[in-house]
Amino acid sequence: MQPSIDVSSSPADPMTPRMFRVLRNYNDTADCYTLSLQAEDGDPLLFAPGQFTMLYAFGRGEVPISISGDPSDPGTLIHTIREVGPVTQALREVKKGGLIGVRGPYGTAWPVKEAEGNDVVFVAGGIGLAPLRPALYQVLHRRSRFGKVALLYGARTPNDILYRDELEKWRSRFDMQVEVTVDRSQAGWRGHVGVVTRLISRTGFDPVNTIAMVCGPEVMMRFAVAELTGRGVAQEQIHVSLERNMKCAVGFCGHCQLGPAFICKDGPVFVFPEVKRLLSIREV
Amino acid sequence: MSAGTTTAPTYRTLTVPQLDQLLSALCKEGYLTIGPTVGDAAIVYDEIRSTKDLPRGYTDEQEAGSYRLRENAQGYFAYITPVQSAKQYLHPPRQHLWEAVKDSEGFHILPDPPANTRYAFVGLRPCELRAIEIQDRVFLTEPFVAQHYKALRQAAFLIVAQCTRAGATCFCQSMGTGPAARGGFDLALTEFPEEATFLLEIGTPRGQAIVDAIGCAEAPEEMVEQARARQSQAALQMGRRLDTEELPKQLGSSYSSGRWEQIARRCLSCGNCTMVCPTCFCTNVEDTASLTGDHAGRWQRWDSCFTSELSYIHGGVVRKSTASRYRQWLLHKLCTWHEQFGESGCVGCGRCITWCPVGIDITEEAQALRQAH
Ligand SMILES: Cc1cc2nc3c(=O)[nH]c(=O)nc-3n(C[C@H](O)[C@H](O)[C@H](O)COP(=O)(O)OP(=O)(O)OC[C@H]3O[C@@H](n4cnc5c(N)ncnc54)[C@H](O)[C@@H]3O)c2cc1C
Ligand code: SF4
Ligand code: SF4
Ligand code: FES
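1. With respect to the sheet that holds strand S7 (residues 106-111) of chain B
Residues and elements named next belong to chain B.
Here's step 1: An order of S7-S6-S13-S12 is seen for the four strands of this open sheet, with the pairing classed as antiparallel. The sheet terminates laterally at S7 and strand S12 (283-289), the two strands that pair on one side only. Neighbour-to-neighbour, the strand axes of this sheet turn through a mean angle of 25 degrees, independent of strand direction.

2. Description of the site of ligand 3
Here's step 1: Every residue near ligand 3 is listed here: Cys-267, Leu-268, Ser-269, Cys-270, Gly-271, Asn-272, Cys-273, Phe-306, Tyr-326, Cys-356, Pro-357 and Ile-360 of chain B.
Here's step 2: Here the shell around ligand 3 is composed, by residue class, of nine nonpolar, three polar and no charged.

3. What to know about the state of the cysteines
Residues and elements named next belong to chain B.
Here's step 1: One pass over the structure, following the stated rule, counts zero disulfides over all chains.
Here's step 2: Lacking any disulfide linkage, Cys-172 is separated from the closest cysteine sulfur, that of Cys-127, by 6.0 Å.
Here's step 3: Residue Cys-172 is classed as buried on the basis of its relative accessible area of 7%.

4. Examining helix H3 (residues 126-140) of chain B
Residues and elements named next belong to chain B.
Here's step 1: In a regular helix each residue adds 1.5 Å, so 15 residues correspond to 21 Å; H3 covers 21 Å between its end C-alpha atoms and thus fits that length.
Here's step 2: With respect to burial, H3 is a largely interior element, twelve of its 15 residues being buried.
Here's step 3: Those residues of H3 not exposed but buried are Pro-126, Cys-127, Glu-128, Leu-129, Ala-131, Ile-132, Ile-134, Gln-135, Asp-136, Val-138, Phe-139 and Leu-140.

5. A closer look at the domain arrangement of chain A
All names here are of chain A.
Here's step 1: We note that the domain assignment places domain 1 (10-106) and domain 2 (119-241) within chain A.
Here's step 2: Taking the mean C-alpha position of each, domain 1 and domain 2 sit 25 Å from one another.
Here's step 3: Summing both sides of the interface, domain 1 and domain 2 together bury roughly 1200 Å²; the carbon and sulfur share of this comes to 59%.
Here's step 4: For the interface between domain 1 and domain 2, the tally reads one salt bridge.
Here's step 5: Between Arg-156 and Asp-31 there is a salt bridge; the shortest N-O distance is 3.1 Å.
Here's step 6: If you look at where domain 1 meets domain 2, you find five residue pairs in polar contact (both at pLDDT 80 or more).
Here's step 7: For the side of domain 1 that touches domain 2, the secondary structure elements donating two or more residues are strand S2 (32-39) and strand S5 (77-82).
Here's step 8: Considering every element that reaches the side of domain 1 that touches domain 2, the biggest residue donor is S5, with four residues.
Here's step 9: Of the residues in the side of domain 1 that touches domain 2, the class split is seven nonpolar, eight polar and four charged.

6. Some points on the pairing of S5 of chain A
Residue and element names in this part refer to chain A.
Here's step 1: Within S5, five of the six residues are buried, which leaves it mostly tucked inside the rest of the structure.
Here's step 2: Pairing between S2 and S5: six bridges, direction antiparallel. Across the sheet, the residue bridging to Thr-34 is Thr-80, located in S5.

7. Some thoughts on unusual backbone geometry
Both trends apply: most residues other than glycine have a negative phi, and most peptide bonds are in trans.
Here's step 1: Here the amide bond leading from Gly-267 of chain A into Pro-268 of chain A is cis, since omega sits at 5 degrees, within 30 degrees of zero.
Here's step 2: Mapping Pro-268 of chain A onto the fold places it in the loop between helix H6 (263-266) and strand S15 (269-271).
Here's step 3: Between Glu-142 of chain B and the following residue, Pro-143 of chain B, the backbone shows a cis peptide bond with an omega angle of 5 degrees.
Here's step 4: Note on placement: Pro-143 of chain B falls in the loop between H3 and helix H4 (147-155).
Here's step 5: Phi is positive for Ala-249 of chain A, close to 70 degrees, though the residue is something other than glycine.
Here's step 6: Relative to the helices and strands, Ala-249 of chain A resides in the loop between strand S12 (238-241) and strand S13 (257-258).
Here's step 7: A positive phi angle is found at Ser-269 of chain B, which is not glycine, with a value near 60 degrees.
Here's step 8: Within the secondary structure layout, Ser-269 of chain B lies in the loop between helix H9 (259-266) and helix H10 (272-276).

8. What to know about the nonpolar core
Here's step 1: Core analysis: the largest hydrophobic core is formed by 120 residues, its most contacted members being Phe-121, Tyr-326, Trp-329, Leu-330 and Leu-334 of chain B.
Here's step 2: Among the elements that make up this core, the one with the highest residue count is helix H11 (residues 322-341) of chain B (nine residues).
Here's step 3: In this structure Leu-334 of chain B touches Met-175, Leu-242, Leu-247, Pro-248, Leu-251, Ser-344, Cys-346, Ile-362 and Ala-366 of chain B, once residues within four positions along its chain are discounted.
Here's step 4: In terms of nonpolar packing, the next biggest core, distinct from the first, is built from 33 residues, Phe-122, Leu-136, Tyr-163 and Val-269 of chain A among them.

9. Observations regarding the packing of aromatic side chains
Residue and element names in this part refer to chain B.
Here's step 1: Using the criterion set out here, one finds 23 aromatic pairs over all chains in the structure.
Here's step 2: Seen in terms of ring centroids, Tyr-76 and Phe-198 are 6.5 Å apart; in terms of plane orientation they differ by 45 degrees. Their pairing is tilted. Here the residue Tyr-76 occupies a position in the loop between strand S5 (66-70) and helix H2 (87-90), and Phe-198 occupies one in strand S11 (residues 197-202), the gap between them amounting to 122 residues.
Here's step 3: What makes Tyr-76 buried here is its relative accessible area of 8%.
Here's step 4: Classification of Phe-198 as buried rests on a relative accessible area of 1%.
Here's step 5: Ring geometry for Phe-77 versus Tyr-79: centroids 6.5 Å apart, planes at 50 degrees, classification tilted.
Here's step 6: Relative accessible area serves as the criterion here: at 1%, Tyr-79 is assigned to the buried category.
Here's step 7: For the cation-ring pair, Arg-94 lies above Trp-299, with the distance from its terminal atom to the ring centre recorded as 4.0 Å.

Parameters and conventions
Residues numbered from 1 in each chain as written. Chains lettered and ligands numbered in written order. Predicted model: local features only at pLDDT ≥ 70, side-chain atom pairs only at ≥ 80, totals over all residues. Heavy atoms only, no water. Pairing = 2+ DSSP bridges. Helix = DSSP H or I, 4+ residues; strand = E, 2+ residues; numbered from the N terminus. Axes fitted to C-alpha atoms, helices over the stretch in contact; angles between N-to-C directions. Near = heavy atom within 4 Å. Nonpolar A, V, L, I, M, F, W, Y, C, P; charged D, E, K, R; others polar. Disulfide = S-S within 2.5 Å. Buried < 20%, exposed > 50% of the residue type's maximum accessible area, 1.4 Å probe, protein only. Expected span 1.5 Å × (residues − 1). Domains from an automatic or database assignment. Buried area = accessible area lost by both parts, 1.4 Å probe. Salt bridge = Lys/Arg side-chain N within 4 Å of Asp/Glu carboxyl O. Polar contact = N/O pair within 3.5 Å; in protein donor to acceptor, adjacent residues only side chain to side chain. Core = buried A, V, L, I, M, F, W, Y, C linked by side-chain atoms within 4.5 Å. Contact = heavy atoms within 4.5 Å. Phe/Tyr/Trp six-rings, centres within 6.5 Å; stacked < 30°, edge-to-face > 60°. Lys NZ or Arg CZ within 6 Å of the ring centre and 35° of its normal.

What follows is the structure, given as structure tokens:
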């Protein structure tokens with residue numbers, strides 16, 4: 001008796017990317033750029049806010065990048081990327097019309113549905129604004145279902161501020177609070193200077209009925225949680241998105257482990273108490 | 001997940017010539033037969049064609065940080081454990097994933113067809129069989145199924161050699177993975193070296209079919225009892241033990257123990273333990289480019305939690321110290337694996353103890369961490 005291996009019906013290998021064409025590739029800031037992609041096979045990549053993909057640049061490698069576009073427009077796949085090394089550099093060099101390999105979407109989502117009926121506070125540091133933007137879009141599409149909405153965003157310098165036009169648009173809405181701060185000011189900057197977590201104290205929300213979504217460097221997230229809980233927001237109402245080295249995004253490579261969690265499958269978005277203890281220990 | 005449903009074990013006797021017949025029958029069915037052989041001063045798995053290739057008369061002496069091959073034993077399966085396990089075949093050290101090829105449109109991706117080698121493993125130890133089942137959970141749990149592993153795993157024919165001796169670094173008894181396998185194999189052998197025969201246990205219909213074709217006689221009841229007695233004998237010889245009662249829970253609160261620093265003073269962060277461990281599964285990927293630049297390959301290769309690259313993220317390495325890496329390794333095996341997969345990540349094969357150049361002993365460290373609890 002032979003084992004039956006029906007190769008034809010086996011699903012696509014989870015390590016094999018689909019091909020996407022670059023519709024646009026433009027610079028947001030000196031080191032950040034946004035890729036707008038479309039599937040070659042025409043199948044839109046449906047995703048939930050907070051999920052990420054693995055982007056492959058020909059011959060250079062593959063990296064995890066959060067989806068930063070609008071979930072209600074899955075036909076165009078948007079990623080905002082900070083150039084920090086070889087792969088993010090190679091992706092930047094792919095011109096309009098060029099191809100990129102995409103796997104995904106992977107991971108857990110921001111709790112937008114659960115946040116309905118509550119105030120919503122987004123706290124973003126640096127490139128952390130990109131993974132939060134899909135959640136913000138969803139909240140604004142269904143604005144009436146939420147209480148107060150606030151976006152608190154910190155960038156290194158005024159020149160590093162992402163999505164400037166959109167921030168202006170959001171700021172001009174009467175139904176949301178937008179606060180932007182920079183670590184280091186430059187000539188002409190008249191906004192806040194200082195860490196983003198300090199903005200939390202000047203934001204209006206009802207701590208008991210607030211869902212907070214926090215994304216940025218790990219230290220910033222720790223301070224944000226401290227500020228939020230200081231205001232009376234329960235830890236169970238705070239959600240964070242974590243980052244670890246990722247080589248597979250499907251639980252095979254072991255790189256993304258944080259204690260028992262595979263960040264690629266069990267995260268990247270966690271409700272804070274799930275990761276609180278391990279985040280407080282060094283080098284886990 | 002073994003192909004074919006497991007039938008109630010039936011017992012036969014198998015002579016050495018019949019074992020040879022079994023090996024040729026497997027060859028004829030297209031299997032690549034892998035079994036223990038005498039390699040570079042150690043027992044290693046390799047391709048075997050007949051019982052002549054088996055390490056007859058050899059055994060090994062293992063201790064923390066030491067391994068010696070001895071030629072003073074009786075039987076074909078008198079050694080304890082080979083250096084490597086079936087992992088090197090089912091989850092190979094280097095696996096091609098796909099090829100990207102430039103074309104007029106840009107480039108396209110040529111996925112590799114799932115691996116089509118059909119391995120027949122001859123003489124897997126019960127702990128190694130359990131290690132395969134543990135890796136199954138990693139690679140075969142929906143929704144993400146590793147296609148190469150799946151193809152190799154489904155095709156593999158598994159013949160266990162039950163343990164009738166245990167080594168000084170063995171502790172499978174503590175982990176509940178040996179010294180005898182009670183299922184999950186196609187066939188299992190218990191060797192009776194004095195009589196040059198084996199008790200053969202049939203585990204699956206396909207195991208049954210191949211044995212029927214050879215025409216082995218039914219085993220007498222007392223042979224089955226004797227085999228059990230020999231296996232129990234091995235259980236008494238375990239050189240190491242690990243008290244697993246409440247262990248995951250207690251280790252879970254040991255992150256800040258001073259013991260990690262103590263181990264780090266000895267540990268070389270060489271990663272040997274992860275390479276020889278039959279359940280360790282971590283991999284990295286490697287991109288290769290052809291000279292002309294129009295072909296780019298993607299390879300998956302074994303990685304280790306003892307490297308700095310494994311935890312590198314832009315801005316720095318997460319696990320910088322050896323203490324944090326050893327902590328990751330031990331706690332993954334004995335603690336967090338339970339939360340991830342509902343079972344231990346250690347089968348008690350003892351390889352990490354034997355092949356650690358400085359003789360660090362996972363059972364000793366776990367016990368010390370537990371006591372500090
Ligand atoms: C879930 C998730 C979502 C992310 N979303 C975004 C995003 O939306 N925009 C963005 O700019 N960046 C994002 N990152 C970070 C991004 O993946 C890294 O900046 C990128 O991997 C760096 O690769 P590199 O080769 O250019 O640089 P190098 O720093 O040279 O990286 C070398 C290798 O290390 C690994 N690595 C390095 N940094 C990271 C990191 N921070 N996270 C994970 N692996 C890393 C990668 O495997 C990379 O190939 C995200 C990371 C994760 C885990
Ligand atoms: S941790 Fe050590 S004893 Fe346990 S399975 Fe791995 S190599 Fe064997
Ligand atoms: S425990 Fe031993 S084998 Fe493992 S990395 Fe440390 S020195 Fe190497
Ligand atoms: S990224 Fe490979 S296991 Fe999570």
